[in-house]
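For reference, the chains in residue letters:
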Amino acid sequence: MEMKQVPSSAAWAGGAFCLAAVLAGTALSIFGTGTSGLGRAFQITMRFSFLLFWLAYAGGAMKTLFGTGFQTIAWLGRDFGLAFASAQLVHVGLAVWLYRMMNELPLSRPLLMFYIIAVIWTYLLSLLSIHRVALALGHLRWRILRVAGMEFISFSFLLYFLNHPHYGTIGGLAFYAPFATMSLLGTFLRLAAWASRGATVTKSA
């Protein structure tokens, strides 16, 4: 039987970038390249990149908690993470374009700095996914940095979804509440998976 070829990490990253670009281009072609159209493209690419991040963030936890049915998602965690980082390039580009057009900060300075740090973490984690870099750091340091970065990015998404100006409206709830719920669910799954692994280690000791 011929084995199915699994797309490489480069294919995942390239595909995510292209799809994010297509989503942004579609939004801009429909709504225009003014602030309204840029804002819509920004929101769409935000949600798309979040879905990729969430699979990287929660995939391993789902495999631990629910079994081998989620093995493929867990196994592709690195690829989902690199796809997220690639899609974020389009999203960050839209953010810079929107800022230059508005000529003012779209967020309070503290929140903006928080999101900038999250973007830095995104590409630091991409660097840490390189095998030689991970070996040079050592497993413990690599693990600490990876967990810290993933949790910071997850919290930044949650903060964004909960602090969006339209969150209090009916339309805002429909667009942002599901993503805020997913963000919280991902954190809950990871905590539950850590507790499950800890209980397993205790029983086997």
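None of the values given here were measured: they were computed from a predicted structure.

### Side note on the nonpolar core
No. 1: One finds L52, F53, L94, I153, F157, Y160 and F161 to be the most contacted residues of the largest nonpolar core, which totals 45 residues.
No. 2: When contributions to this core are tallied by element, the ones reaching two or more residues are α1 (9-31), α2 (35-66), α4 (77-102), α5 (109-128), α7 (139-163) and α8 (170-204).
No. 3: With 14 residues, α2 is the single largest residue contributor to this core.
No. 4: Discounting chain neighbours no more than four positions away, the residues touching L52 are A16, F80, A83, F84 and A87.

### Focus: the pattern of salt bridges
Opposite charge on two side chains permits them to pair, given that their charged atoms come into close proximity.
No. 1: If you walk through the whole model with that rule in mind, you get one salt bridge.
No. 2: One salt bridge in this structure joins R190 and E151, with 2.7 Å as the shortest N-O distance. Pair noted here: R190 is in helix α8 and E151 is in helix α7, with a separation of 39 residues, a long-range link.
No. 3: With relative accessibility at 9%, the residue R190 sits in the buried group.

### Quick notes on the confidence of the model for the protein
No. 1: Confidence in the prediction for the protein averages 87 pLDDT; 86% of positions are at 70 or higher.
No. 2: In the model of the protein, α8 stands out as the element of lowest mean pLDDT, 82, in contrast to α1, which has the highest, 95.
No. 3: The low-confidence segment residues 1-6 (pLDDT under 50) makes two contacts with residues lying over four places distant or belonging to another chain.

### With respect to α1
No. 1: Between its first and last C-alpha, α1 extends 33 Å over 23 residues, near the 33 Å set by a 1.5 Å rise per residue.
No. 2: Within the sequence span of α1, burial applies to A13, A16, A20, A24, A27 and L28.
No. 3: Lining the buried residues of α1 we find α2 and α4.
No. 4: Phi turns positive one or two residues past the end of α1, at G32, with a value near 90 degrees.

### Quick word on the packing of aromatic side chains
No. 1: Under the criterion given, the structure shown has 17 aromatic pairs.
No. 2: Plain terms: the ring middles of F114 and Y115 are 6.1 Å apart, the flat faces sit at 85 degrees to each other, and that makes the pair edge-to-face.
No. 3: In this structure, R40 is placed above the aromatic ring of F31, and the distance from its NZ or CZ to the ring centre is 4.1 Å.

### Notes on the packing of α1 against α2
No. 1: With their axes 8 Å apart at the nearest point, α1 and α2 run at an angle of 155 degrees to one another. Of the possible angle classes, the one that applies to α1 and α2 is roughly antiparallel. Our pair here, α1 against α2, has a crossing hand that is right-handed. In contact with A16, L19, A20, L23, A24, A27, L28 and F31 of α1, α2 contributes G37, L38, R40, A41, I44, T45, F48 and L52.

### Some thoughts on the environment of S8
No. 1: Topologically, S8 is positioned in the segment before α1.
No. 2: Expressed as a C-alpha distance, the spacing of S8 and D79, which sit 71 residues apart in the sequence, is 7.8 Å.

### Observations concerning a nonpolar patch on the surface
No. 1: On the surface, M113, I116 and I120 cluster together into a nonpolar patch covering about 280 Å² of accessible area.
No. 2: Tracing the chain through its elements places I120 in helix α5.

Basis of the calculations
- Residues numbered from 1 in each chain as written.
- Predicted model: local features only at pLDDT ≥ 70, side-chain atom pairs only at ≥ 80, totals over all residues.
- Heavy atoms only, no water.
- Core = buried A, V, L, I, M, F, W, Y, C linked by side-chain atoms within 4.5 Å.
- Buried < 20%, exposed > 50% of the residue type's maximum accessible area, 1.4 Å probe, protein only.
- Helix = DSSP H or I, 4+ residues; strand = E, 2+ residues; numbered from the N terminus.
- Contact = heavy atoms within 4.5 Å.
- Salt bridge = Lys/Arg side-chain N within 4 Å of Asp/Glu carboxyl O.
- pLDDT = per-residue confidence, 0-100.
- Expected span 1.5 Å × (residues − 1).
- Phe/Tyr/Trp six-rings, centres within 6.5 Å; stacked < 30°, edge-to-face > 60°.
- Lys NZ or Arg CZ within 6 Å of the ring centre and 35° of its normal.
- Axes fitted to C-alpha atoms, helices over the stretch in contact; angles between N-to-C directions.
- Parallel < 35°, antiparallel > 145°, perpendicular 65-115°, else oblique.
- Left-handed = near helix turned anticlockwise from the far one by under 90°.
- Patch = residues over 30% accessible without salt bridge, like charges linked within 9 Å, V, L, I, M, F, W, Y side chains within 5 Å.
- Areas by Shrake-Rupley, 256 points an atom, 1.4 Å probe, with all protein chains shown as cover.

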